[in-house]
Number of protein chains: 2
Amino acid sequence: MRLCVCRTLADVFEAIRSLRVRGAPAIGLAAAYGVVLGLQDSCAGDTQQFARSLDQVIDYLGSSRPTAINLFWALERLRSCARQRLATDPPVDVHAALLREATAMHAEDRAICHAIGRQGAALLRDGMGVLTHCNAGGLAASEYGTALAVIYAAQDAGKHLTVYADETRPLLQGARLTTWELRQRGVDTTLICDSMAAQVMREGRVQAVITGADRIAANGDVANKIGTYGVAVLAQAHRLPFYVAAPSSTFDLTLSGGEQIPIEQRGEEEVRSGLGRQIAPDDVKIYNPAFDVTPARLVTALITERGVISPVNATEIRRVLDTPADPAE
Amino acid sequence: MRLCVCRTLADVFEAIRSLRVRGAPAIGLAAAYGVVLGLQDSCAGDTQQFARSLDQVIDYLGSSRPTAINLFWALERLRSCARQRLATDPPVDVHAALLREATAMHAEDRAICHAIGRQGAALLRDGMGVLTHCNAGGLAASEYGTALAVIYAAQDAGKHLTVYADETRPLLQGARLTTWELRQRGVDTTLICDSMAAQVMREGRVQAVITGADRIAANGDVANKIGTYGVAVLAQAHRLPFYVAAPSSTFDLTLSGGEQIPIEQRGEEEVRSGLGRQIAPDDVKIYNPAFDVTPARLVTALITERGVISPVNATEIRRVLDTPADPAE
């Protein structure tokens, strides 16, 4: 495990763009700290200059990746925090307030991840096999993560689970991150290639699927790592529940349906030679969408820190998101 | 492209075991030539010695891989050829006859591949997008291959097709072989990761799926490269036809259903570090079935050199396989 230390705004932008930081909640937090870093040289200037820099820094970080809504959510929260204070406070104090806000968001995310775990743990029974895709653990969020938080919380409650992790081509977050994280916490983990998920289901090795999300529309359509939609179709064909775990900041209620979520297209080289070795001829075209959208009808339940949303529809989503946060944290 | 030259029986065994030769028809032909190589030192001995060596060589090659029926079909054909002649001919003449038989099988396979192409070409319309999984082209059989033969024959008939090739983890036959082959023949080819097939279907980029087969049971259940079953489920969910192209030698009518087909389990290292770089921690378990079985109900049609079998059931399979071979070859 190699640490990626970011000392400048450009470092943070590049870390997000190149997926050194990935996972929707983690991207949001990195961007929040990125705003603080990006404004450190603007504290000496006047309020107008600081306000201009604020907008520049936020717009710049907002252009790093298009799909995860948490990025924009975090940036807008900092923008709003700064604007309120700029009316009365000098830039140096506003900057200090932004750091406190980012730190608070980090602590909140940690608490939210634990709450997601508690909310979802009841859905997993002792002895279950669980399939997950990509990485929605502590390397995608804070500490417990989202999808993996549910597994950790079930395990903390004394349930023994067997987890099958899709390797998640092209960038292998499942093989590189999820297996490592699960092993750190002593979870019985088996790695498979993405193409093996159907067979693992057919053989009765898993009884549920759980993933994270990068953005969820008002109707419950879920944008997540490419391959999620296929796994959801397979889960339905095998009559397995398909769960999505995400904080309420992942919901984008301004979008009525998943067709409005922008899907990031990434470079050919991630597929052609993303594994350190070229695997296909130079002249072959490559299609590399980084995300797909799983329609709400394939999602058995959305697990949030506010509660479990099931059935998944606009009314239930509104109802649960309007619930006050879990009082245990 | 690196040639793999086999000069001994052990070379052939190792080439099959390690997948340097792969694809059901190609495995059968390699084994046939392997029998000839394996018996070249037995020609000087007596008939009894030659017969003993014959059985030893055939049993040895038969243990190289368990799933592709063409391997056993080819070996039994040579055994039967040798036994008939050993009653009257000296070993040296029997050996020469075995070489003629292997050469004849090779020529037949070439003709069969062309016939499969002709039989299946009518199923593909001009302008169609076609998804394929693994490699069932000339690098899996003779010249035209099986699944790709249908694409080549449709193209020869003036139809323009767009092919999406699954990369086919863990060994990437789709990325390494299928894309190369299709480009050699000027077919418009796009490589995707296996996890993208569902999205490609959802976006309406393909209108049909076509794969090869390693063994087909009497009821039409199809054993093929791992991932095929998942693609078949996805095709059904998107109402796309799912075609399987294979010579009649791929049918194993002694097995009533796919649950009786032995599925080869391969080593962990193919997944953990099959791409030249370790992608998962040492202590993570890996599940690596090399094949899966697609139930007949998901297969729209079986395309053979004797004709197209549809609907796919035991009666139709018997009827078409009893048809005399296509007279055009």
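Calculation criteria
Residues numbered from 1 in each chain as written. Chains lettered and ligands numbered in written order. Predicted model: local features only at pLDDT ≥ 70, side-chain atom pairs only at ≥ 80, totals over all residues. Heavy atoms only, no water. Phe/Tyr/Trp six-rings, centres within 6.5 Å; stacked < 30°, edge-to-face > 60°. Buried < 20%, exposed > 50% of the residue type's maximum accessible area, 1.4 Å probe, protein only. Lys NZ or Arg CZ within 6 Å of the ring centre and 35° of its normal. Pairing = 2+ DSSP bridges. Helix = DSSP H or I, 4+ residues; strand = E, 2+ residues; numbered from the N terminus. Contact = heavy atoms within 4.5 Å. Axes fitted to C-alpha atoms, helices over the stretch in contact; angles between N-to-C directions. Least-squares fit on C-alpha atoms with pLDDT ≥ 70 in both. Core = buried A, V, L, I, M, F, W, Y, C linked by side-chain atoms within 4.5 Å. Salt bridge = Lys/Arg side-chain N within 4 Å of Asp/Glu carboxyl O. Left-handed = near helix turned anticlockwise from the far one by under 90°. Nonpolar A, V, L, I, M, F, W, Y, C, P; charged D, E, K, R; others polar. Disulfide = S-S within 2.5 Å. Parallel < 35°, antiparallel > 145°, perpendicular 65-115°, else oblique.

A. Just the packing of aromatic side chains, in detail. Applying the stated rule across the entire model yields four aromatic pairs over all chains. Judged by centre distance (5.3 Å) and plane angle (65 degrees), the rings of Y144(A) and Y152(A) are edge-to-face. Taken as a pair, Y144(A) and Y152(A) share a single burial class, namely buried. Here the basic side chain of K225(A) rests over the ring of F291(A), its NZ or CZ set 4.6 Å away from the ring centre. When the ring centre of Y287(A) is taken as reference, the NZ or CZ atom of R205(B) above it lies at 4.0 Å.

B. Layout of the sheet that holds strand β1 (residues 129–132) of chain A. Reading across the sheet, the eight strands line up as β12(A)-β11(A)-β7(A)-β4(A)-β1(A)-β2(A)-β3(A)-β9(B) and stay open at both edges, with mixed pairing between neighbours. The sheet terminates laterally at β12 (307–309) of chain A together with β9 (285–286) of chain B, the two strands that pair on one side only. Pairing analysis gives two bridges linking β1(A) to strand β4 (residues 208–211) of chain A, with the strands arranged parallel. Paired with V130(A) across the strands is A208(A), a residue of β4(A). Of the strands in this sheet, β1, β2 (162–166), β4, β7 (242–245) and β11 (301–304) of chain A touch helix α6 (residues 147–156) of chain A, which is tilted by about 125 degrees from β4(A).

C. Quick look at the relation of the copies chain A and chain B. The transform that puts chain A on chain B rotates by 180 degrees and translates by 0.0 Å along the axis, for an RMSD of 0.0 Å. Each copy turns onto its partner about a two-fold axis. The share of interface residues of chain A whose copies in chain B are also at the interface is 100%, consistent with both copies meeting through the same surface.

D. Up close: the nonpolar core. Grouped together as the largest cluster of nonpolar side chains are 88 residues, with contacts concentrated most on L131(A), M201(A), L302(A), L131(B), M201(B) and L302(B). L302(A) has contacts with I216(A), G220(A), V222(A), V244(A), F251(A), G307(A), V308(A), I309(A), V312(A) and I317(A), leaving out every residue within four places of it along the chain. If you look at the next biggest cluster of nonpolar residues, it comprises 34 residues, including F13(B), I16(B), A26(B) and A74(B).

E. Expanded view of the pattern of salt bridges. Residues and elements named next belong to chain A. According to the stated counting rule, one finds 40 salt bridges over all chains in the structure shown. Of the charged contacts, one joins E316 and R319 as a salt bridge, the two residues approaching to 3.1 Å between their closest N and O atoms. Here the residue E316 and the residue R319 both occupy positions in helix α11 (residues 314–321), the gap between them amounting to three residues, near one helical turn. A cluster of three or more residues bridged by salt bridges with shared partners is formed by D55, D59, E76, R79 and R83.

F. Representation of the packing of helix α4 (residues 69–86) of chain B against helix α5 (residues 91–121) of chain B. All names here are of chain B. Put simply, α4 and α5 touch, their axes get as near as 10 Å, and they point 145 degrees apart. By crossing handedness, the relation of α4 to α5 is classed as right-handed. Between α4, through W73, A74, R77, L78, C81, A82, R85 and L86, and α5, the contact on the second element is made entirely by V94, A97, L98, R100, E101, A102, M105 and E108. Along the lines of polarity and charge, the residues of the contact of α4 with α5 split into eleven nonpolar, no polar and five charged.

G. View of the state of the cysteines. All names here are of chain B. Under the defined criterion, the tally for this structure stands at zero disulfides over all chains. Not part of a disulfide, C4 finds its nearest cysteine sulfur in C6, a span of 4.0 Å. Here C43 stays unpaired: no disulfide links it, and the sulfur of C81, its closest cysteine neighbor, is 13 Å away.

H. Looking closely at the packing of helix α9 (residues 228–237) of chain A against helix α9 (residues 228–237) of chain B. Running from amino to carboxyl end, α9(A) crosses α9(B) at an angle of 85 degrees, the nearest separation of the two axes being 10 Å. Here α9(A) lies roughly perpendicular to α9(B), going by the angle between them. Here G230(A), V233(A), L234(A) and A237(A) of α9(A) come into contact with α9(B), specifically with G230(B), V233(B), L234(B) and A237(B). Classifying every residue of the contact of α9(A) with α9(B) by side-chain character gives six nonpolar, two polar and no charged.

I. Inspection of the pairing of strand β10 (residues 291–294) of chain B at higher detail. All names here are of chain B. Of the two faces of β10, the one holding F291 and V293 and the one holding D292 and T294 are both buried throughout. Note that strand β6 (residues 222–225) and β10 share four bridges and pair antiparallel. The residue of β10 that forms the bridge with K225 is F291.

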